[in-house]
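Below are the chains, spelled out letter by letter.
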Amino acid sequence: MRAIQRITWWLIATLLLVLICAFAISGTVLSQSREVAKEQKEYYKMLEHEYVKEIQTFLKDQGYAASGVTMNRIIDENGSIEYRVTIHHRRILDLDMEQREKLLTKCRDVKFPVEGCSVFYELLES
């Protein structure tokens, strides 16, 4: 009888230790994946910031200094990333549709450094 109790307690203790180890390992994996996601988010943020600067420099070279440029990231359910770049400058609004399209086409030539992302450009009309 006593031997059965010892074996039972030993099995319970062993099971408890195995469960604790499993939770500790899964916690470590989740923590590492969160850290990777955070690093990736910071990396994209830096690239986006640099890209906005490049677009602003390009617009300045085109004669539209101090243009307002915003870049919004949209992440789809399947993980694909889409960007919306919105440009605002009073003089751009004075252009006709053909000239606006030419300017947006030239903006598309400034490539975003991440492959596989869709980048759409639009002019803010106010």
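These notes cover the structure that comes with them. (Residues numbered from 1 in each chain as written. Predicted model: local features only at pLDDT ≥ 70, side-chain atom pairs only at ≥ 80, totals over all residues. Heavy atoms only, no water.)

## Side note on the pairing of strand 2 (residues 81-88)
- Relative to strand 2, strand 1 (residues 68-75) is paired through 8 bridges, and the arrangement is antiparallel. What sits directly across from I74, in strand 2, is E82.
- Following strand 1, the chain reverses through 5 residues before pairing antiparallel with strand 2; G79 in that reversal takes a positive phi of roughly 95 degrees.
- Here strand 2 runs beside strand 3 (residues 118-123); their pairing, made up of 6 bridges, is parallel. Residue I87 lies in a different strand from strand 3, and its bridge partner there is L123. (Pairing = 2+ DSSP bridges. Helix = DSSP H or I, 4+ residues; strand = E, 2+ residues; numbered from the N terminus.)

## Structural notes on unusual backbone geometry
- Although it is not a glycine, A66 adopts a positive phi angle of roughly 60 degrees.
- Looking at the element boundaries, A66 is found in the loop between helix 1 (2-61) and strand 1.

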